[in-house]
Amino acid sequence: MSELLLTDEERDRAGTRLLTLLNGHERGIPAAQVLPEPDRETLTALLSDPMPEDGIGVDALFDRWEHEILPNSTTVAHPRFLAYVLGPPNGIGPYAEAVAAAINQNCNFWQLSPAASVVERAVLEWLAEVVGFPSSAKGILTGGGSLATLQALAAALHDRVPGFRATGLQRPAPALVVYTSVEAHRSVDKAAAILGIGLDHVRHIPTDSQHRMDVTALTEAIAADRSAGRQPWCVVATCGTVNTGAVDPLDAIADLCAEQDLWLHVDGAYGALFLLCEEMRAVMGGCARADSISLDPHKTLFAPLEAGCLLVRDGAKLRDAYAFDSSYLTVAEDPLLTDYMDYGPQLSRGFKALKVWSALQAFGVNAFRTTMARTLDLARRLADGIEATPGLTLLAPVTLTAVCFAIDGVDHTAALQALAADNTALLGPVLLDGRHGIRACITNHRTTPADIDLILDRLKAMSSPPVEPAGRPLSTVDQ
Ligand SMILES: Cc1ncc(COP(=O)(O)O)c(C=O)c1O
């Protein structure tokens, strides 16, 4: 028997211990420290462990998970974990991950993953429908929104640069230029740098008072580049900017891209899945006009990390960019079963689609709609409370679930630390129009109105520090 398998008895033990671990984790969430102070001695000891010559066995391993890994992990599932754009996994996610690991499908070509191939395609078709893409659209699940944008821009290069596969950018030709806003996620810069466009050819277009790309400034920038002999190539608009959740004027940008013959990619990693909510369709319906869009099921569908998604309106263009012949991998193509190695850069790929598909099966899309609508309401509740409190200033309009604010007269870094230290909440920093502040982003299906009210109470206390007792200096931050 293989040394790498568990015996029947060990499997039973592992199952029991896993159940205890998962249930204990779930029950412990409300009382857990949202940002545990890591036990640095334990972590340092872990780092200095030599590679074990002999195994410690199932029970000792579970002990290590329970005593060393879990207590030193950030409690992302805490209802007041409201930092960045990151949330707790939905309830079925961990189980779907376990099943995906057990069957270990290689989602490269269909013979190695027939069920996975149709499940991924079903997920992609569902998401394409949410976005409003036509049936010609194709896509692929990725490691996240950053990779989806990178993969989209590579497809845009293949589509717009003649002979790109053969020569790359190594030929005499005008410099390609990509346009995005000053509020765009840095994954756009990263993609441009990685793909050889170069940061000098990324235009960060200014935004309006609501942090949306200024289309007049975009038009002028394109004209200036053309008259300087450069080649405008692609616009990356954002549906839900990382700082404030602003949605760029997608229809006006799509009109301009059509007129100027530019590839339009929409970074919808944070925002585009809010299209599930009827009330958001008016503001973000223009997503349907993009050439490509990135989405992040690991954000608003609460899939466990990682699950991003790229959709390309004309699926043939995605295939043109990524399909390569190789004698050792050739399989008879099947029109119903997609070979995903032809739609992205990876060969070996895990079964990411299972966790997304399973959550939609288990809970139904309505549950996600309701959850996302609730997070929108919670963000408004927080914003209303901030606006009603002297000493607190809302820094930006609230379009989605990101709420940016400042507390008069405090050091925001210290305030963030204080909020985490007393377990009020983990919030994040923000810098908007040169002003430092705090950002709460409710990408959390566990957050309740009571959690928001608790945070508001604490912020109110911070914004009106106690009267200074005689002879004692008043700290700028509530202790
Ligand atoms: C607007 C936007 N784009 C891209 C990303 C990057 O997504 P990921 O972390 O999945 O790579 C984020 C992450 O928060 C984001 O908010």
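Up top is the structure.
Remember, it's a predicted structure, so these values are computed and weren't measured experimentally.

K.L.:
Any chance you could break down the site of the ligand for me, citing the residues and the numbers?
P.N.:
Near the ligand lie 14 residues; those nearest to it are Gly 145, Ser 146, Asp 267, Asp 296 and His 298. Interatomic distance of 2.8 Å between a backbone N/O atom of Gly 145 and an oxygen atom of the ligand. Note that a nitrogen atom of the ligand is positioned 2.6 Å from one of the side-chain N or O atoms of Asp 267. Contact with the protein chains removes 85% of the 390 Å² of surface that the ligand exposes when unbound. The cavity that encloses the ligand is the second largest pocket. Of all elements in the fold, only helix H6 (145–160) and helix H12 (297–300) reach the threshold of two or more residues within the shell around the ligand. Partitioning the shell around the ligand into residue classes produces 4 nonpolar, 7 polar and 3 charged.

K.L.:
Kindly report on the pairing of strand E4 (residues 231–238), identifying the contributing residues and their values.
P.N.:
Side-chain direction in a regular strand flips from residue to residue, so the side chains alternate between the two faces of the sheet. When you tally the buried positions in E4, you get 7 out of 8 residues, the bulk of the element. In this sheet, E4 lies alongside strand E2 (residues 176–181) in parallel orientation, the contact comprising 4 bridges. Looking at the pairing, Val 178 lines up with Cys 234 of E4. Taken together, the 5 bridges between E4 and strand E5 (residues 263–267) define a ladder with parallel strand orientation. Of the residues in E5, the one forming a bridge with Val 236 is His 265. This β-α-β element, E4 to helix H10 (residues 250–260) to E5, shows right-handed connectivity.

K.L.:
Pulling in residues and values, what's your account of the packing of H6 against helix H8 (residues 186–194)?
P.N.:
Contact geometry of H6 with H8 gives a least axis separation of 9 Å together with a crossing angle of 40°. Relative to H8, H6 is oriented oblique. Considering only the axes of H6 and H8, their crossing is right-handed. Residue-level contacts link Ser 146, Thr 149, Leu 150 and Leu 153 of H6 to Ser 187, Ala 191 and Ile 194 of H8. Class assignment of the residues belonging to the contact of H6 with H8 gives a composition of 4 nonpolar, 3 polar and no charged.

Cut-offs applied
Residues numbered from 1 in each chain as written. Predicted model: local features only at pLDDT ≥ 70, side-chain atom pairs only at ≥ 80, totals over all residues. Heavy atoms only, no water. Near = heavy atom within 4 Å. Polar contact = N/O pair within 3.5 Å; in protein donor to acceptor, adjacent residues only side chain to side chain. Areas by Shrake-Rupley, 256 points an atom, 1.4 Å probe, with all protein chains shown as cover. 1 Å grid on protein atoms, 1.4 Å probe; cavity = no way out; pocket = protein on both sides within 12 Å on 5 of 7 lines; lining within 4 Å. Sits in = over half its atoms within 2 Å of the grid points. Helix = DSSP H or I, 4+ residues; strand = E, 2+ residues; numbered from the N terminus. Nonpolar A, V, L, I, M, F, W, Y, C, P; charged D, E, K, R; others polar. Buried < 20%, exposed > 50% of the residue type's maximum accessible area, 1.4 Å probe, protein only. Pairing = 2+ DSSP bridges. Right-handed = clockwise from strand over helix to strand, strands pointing away. Axes fitted to C-alpha atoms, helices over the stretch in contact; angles between N-to-C directions. Parallel < 35°, antiparallel > 145°, perpendicular 65-115°, else oblique. Left-handed = near helix turned anticlockwise from the far one by under 90°. Contact = heavy atoms within 4.5 Å.

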